[in-house]
Amino acid sequence: SLLEGAPHDAEARAALLHNDFEAPVMEAHPGIREVKEAMLQAGAAGAMMSGSGSSVFGLFDNEATARACASGFPPGQMLGVTPPHFSPVLLQRNT
């Protein structure tokens, strides 16, 4: 995996994040930038657009901060808090 052998703390892993598509996609779709910035302001050690913009994720030092960040987003957005072993817990879903 990409993070195999990487440090286990969120801040060190966040330093490894990069997506060449972020700048042009965020310029065309500023809402993606707003989500990323909201995660960083809520305490994410790092945040990044996934792939070509279908989702944005944040890396947090602890579950409580991640859940507090998730609770700050409006209802109707699909959000999840996923521990490092990648088994998501769905918090909200569009209806």
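Before any of the text, the structure's been laid out above.
Residues numbered from 1 in each chain as written. Predicted model: local features only at pLDDT ≥ 70, side-chain atom pairs only at ≥ 80, totals over all residues. Heavy atoms only, no water.

Student: Can you explain the overall build of the protein chain? Please cite residues and give values.
Tutor: Broken down by element type, the protein chain carries four helices and four strands. Counting from the amino terminus, helix and strand elements in the protein chain follow one another as α-α-α-β-β-α-β-β. Per-residue burial over the protein chain gives 24% buried out of 95 residues. Accessible surface for the protein chain amounts to roughly 6500 Å². Of this, 56% is attributable to carbon and sulfur atoms. (Helix = DSSP H or I, 4+ residues; strand = E, 2+ residues; numbered from the N terminus. Buried < 20%, exposed > 50% of the residue type's maximum accessible area, 1.4 Å probe, protein only. Areas by Shrake-Rupley, 256 points an atom, 1.4 Å probe, with all protein chains shown as cover.)

Student: So what's going on with the pattern of salt bridges? Residues and values would help.
Tutor: Counting across every chain of the model gives two salt bridges. A salt bridge links Lys36 to Glu22, with the shortest nitrogen-to-oxygen separation between them at 2.7 Å. Taken together, the positions of Lys36 in helix α3 (residues 30-41) and Glu22 in helix α2 (residues 22-28) put the pair 14 residues apart, joining distant regions of the chain. Glu22 shares its class with Lys36; the two are buried. (Salt bridge = Lys/Arg side-chain N within 4 Å of Asp/Glu carboxyl O.)

Student: Talk me through α3; I want residue IDs and the actual numbers.
Tutor: A rise of 1.5 Å per residue sets the reference length of α3, with its 12 residues, at 16 Å; its end C-alpha atoms lie 16 Å apart and thus fit the reference within 8%. When we look at burial in α3, the residues that qualify are Ile32, Lys36 and Met39. The arc enclosing the buried residues of α3, seen along the axis, measures out at 60°, which places them on a common side. Counted as exposed and oriented over 90 degrees from the buried face of α3: Glu34 and Gln41. In the core, the buried residues of α3 are packed alongside α2, β1 (46-50), β2 (55-59) and α4 (63-71). Gly43 lies just past α3 and shows a positive phi near 115°. (Expected span 1.5 Å × (residues − 1). Arc of directions from axis to C-beta. Contact = heavy atoms within 4.5 Å.)

Student: Residue-level account of α4, with values.
Tutor: Ala66, Cys69 and Ala70 are the residues of α4 that are buried. Seen end-on, α4 carries its buried residues on one side only, within an arc spanning 100°. Across α4 from its buried face, at more than 90 degrees, point the exposed residues Ala64 and Ser71. Between the side-chain oxygen at the start of α4 and the backbone nitrogen of Ala64 there is a gap of 3.2 Å, and the oxygen is on Asn62. (Polar contact = N/O pair within 3.5 Å; in protein donor to acceptor, adjacent residues only side chain to side chain.)

Student: Describe the environment of Asp20, naming the residues involved and giving the relevant values.
Tutor: As for its placement among the helices and strands, Asp20 is situated in the loop between α1 (10-14) and α2. Considered as a pair, Asp20 and Ser52 are 32 residues apart in the sequence and their alpha carbons are 9.2 Å apart. A distance of 2.5 Å separates a polar atom in the side chain of Asp20 from a polar atom in the side chain of His18.

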